[in-house]
2 protein chains.
Amino acid sequence: MDLITLAVVEDDAVLVKVLRAYFAQQPDIRLVFVAARVEDLLEELDEGLLPRVLLLDIGLPGLSGTEALPLLKDKYPALEVIMFTAYDDIEHIYQALCCGATGYLTKGSPLDQLGPAVREVARGGAPMSRAVSRKVLGHFRPTPTTHTALLTPREQQVLQGIVDGLSDKEISTRLDLSTLTVRTHVKHVYRKMQVNSRTQLLSQHLRGVI
Amino acid sequence: MDLITLAVVEDDAVLVKVLRAYFAQQPDIRLVFVAARVEDLLEELDEGLLPRVLLLDIGLPGLSGTEALPLLKDKYPALEVIMFTAYDDIEHIYQALCCGATGYLTKGSPLDQLGPAVREVARGGAPMSRAVSRKVLGHFRPTPTTHTALLTPREQQVLQGIVDGLSDKEISTRLDLSTLTVRTHVKHVYRKMQVNSRTQLLSQHLRGVI
DNA sequence: TAGCACCTCCCGCAAATAGGGTAGGCCCGC
DNA sequence: GCGGGCCTACCCTATTTGCGGGAGGTGCTA
């Protein structure tokens, strides 16, 4: 098995100590760099000693992990980044994945998941904590149980038109309705979805709320 | 550890034999139902012997796994479904996840991943083959090389505002600019993104184009 | 039969948005 | 120094949207 080089950015000194001890026991993983701030990583890292994997905290003094991620991926596209954080809300997850993270572990999960996760990501996988992967999947579910069920069939068709980026007039053409009727449906959709503009509706849809 | 009840729908008789043998060796997993067609599953299954997990092939005679998935999830929302298929293209994956699958294994992966995957999904995880999870993550990376790079920093900030569902006025507040300036940036964003409305922009963003 | 939900169409008005142009200031590189 | 890109701000107009209402028809059901 290949040796996997690893860097860690974590500002909790106690946790760093634990991580050092843990990875010291993993024969196939070598911890080559530890820092408390991403800025240190960005400055001191050069191509020569680029690690294969980075375990990156989000809540950091100075630049946050998520903020640093685009810079890191821009500079070192091959670097595999696993977010390692207490945040498990969909917003943080979504943002991290959009910025190029290929793994996401919550700090609540047991320590012995770290080694497998590092190996997994090095092999081209995408390790995620259970709850995280479920939330990621949730993003693909346009209509689990949420508001959409409240919509009448016609309203759902109109909603689909909005989601497809159509104007009221275009929707009216698609559904062969009067524009005025479409506008009525749109109003009802807004009320049921508790938004007050097309943009908000799309924005929520983007976040997987709808 | 709890006993996990499992059903399998698979039309390859040889593979079924292998699966039977494999799961017989897993003390915590009991294979309670095997069928070659989903129709059989839909007919013969009732609440009494509802398994916890279903391993579901996609390429099946009659109703395909993906087609059956909405029906199954509609009837048995608590049923955890792992797709088990040769298809590893993003279209099949995306469709399965949208229909409510909570796991996706490719048939190429080694047999001994099946047990852990079944346990994982029963614990609320979302097991996926390596290549699959990477492709899923790819869905979140809308900006590898695309248009966004063409945008100036200010324009990207304005775009972010639009994506967040803000109006021009709200964006101008957030960025401390004149509404008119925001409008100028918005126009530039539209031109560069080749759209001609906020809705279209959001809609494209939704599709991962931007 | 009398609600009730849904679909359809309409009016009017205020606001937001799209698309076009102009223009000064700033900074950078040729 | 000069063009060019960027940020800023403003002008115009036309269209679209948001929001308040009304109104007739259908079909289901209590």
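This report concerns the structure included in the present document. (Residues numbered from 1 in each chain as written. Chains lettered and ligands numbered in written order. Predicted model: local features only at pLDDT ≥ 70, side-chain atom pairs only at ≥ 80, totals over all residues.)

A few points about the protein's contact with DNA strand C
- DNA strand C sits among 21 residues. The nearest are Thr152(A), Arg154(A), Ser178(A), Asn196(B) and Arg198(B).
- When residues of the surface near DNA strand C are traced back to their parent elements, those giving at least two are α7 (153–163) and α9 (179–193) of chain A together with α8 (168–175) and α9 (179–193) of chain B.
- Among the residues making up the surface near DNA strand C, the classes are represented as 5 nonpolar, 10 polar and 6 charged. (Near = placed C-beta within 6 Å. Helix = DSSP H or I, 4+ residues; strand = E, 2+ residues; numbered from the N terminus. Nonpolar A, V, L, I, M, F, W, Y, C, P; charged D, E, K, R; others polar.)

A short note on the protein's contact with DNA strand D
- As a structural note, the neighbourhood of DNA strand D is formed by 22 residues, with Ser167(A), Asp168(A), Asn196(A), Thr152(B) and Arg154(B) the closest of them.
- At the level of secondary structure, the elements contributing two or more residues to the surface near DNA strand D comprise α8 (168–175) and α9 of chain A together with α7 (153–163) and α9 of chain B.
- For the surface near DNA strand D, the element with the most residues is α9(A), which contributes 5 residues.
- Across the surface near DNA strand D, the residue classes tally to 5 nonpolar, 10 polar and 7 charged.

A look at the interface of chain A and chain B
- Taken together, the contacts link 30 residues of chain A with 30 residues of chain B.
- Every element with two or more residues in the side of chain A that touches chain B is listed here: α4 (90–98), α6 (130–138), α7 and α10 (198–206) of chain A.
- Split by residue class, the side of chain A that touches chain B holds 13 nonpolar, 11 polar and 6 charged. (Contact = placed C-beta atoms within 7 Å.)

Observations regarding the sheet that holds strand β1 (residues 4–9) of chain A
Residues and elements named next belong to chain A.
- If you trace the 5 strands from one edge of the open sheet to the other, you get β2-β1-β3-β4-β5, paired in parallel fashion. Each edge of the open sheet is held by one strand with a lone partner, namely β2 (29–35) and β5 (103–106). Neighbour-to-neighbour, the strand axes of the sheet open up by a mean angle of 20°, direction not taken into account. (Pairing = 2+ DSSP bridges. Axes fitted to C-alpha atoms, helices over the stretch in contact; angles between N-to-C directions.)

A closer look at the environment of Asp88(B)
Residues and elements named next belong to chain B.
- By the element assignment, Asp88 lies in the loop between β4 (80–85) and α4 (90–98).
- The partly exposed category is assigned to Asp88, around which 17 C-beta atoms lie within 10 Å.
- With 44 residues separating them along the chain, Asp88 and Val132 place their C-alpha atoms 6.7 Å apart.
- If sequence neighbours within four positions are ignored, Asp88 has contacts with Thr106, Ala131 and Val132. (Buried ≥ 20, exposed ≤ 12 C-beta atoms within 10 Å, placed from the backbone.)

That is the geometry; function is a separate question.
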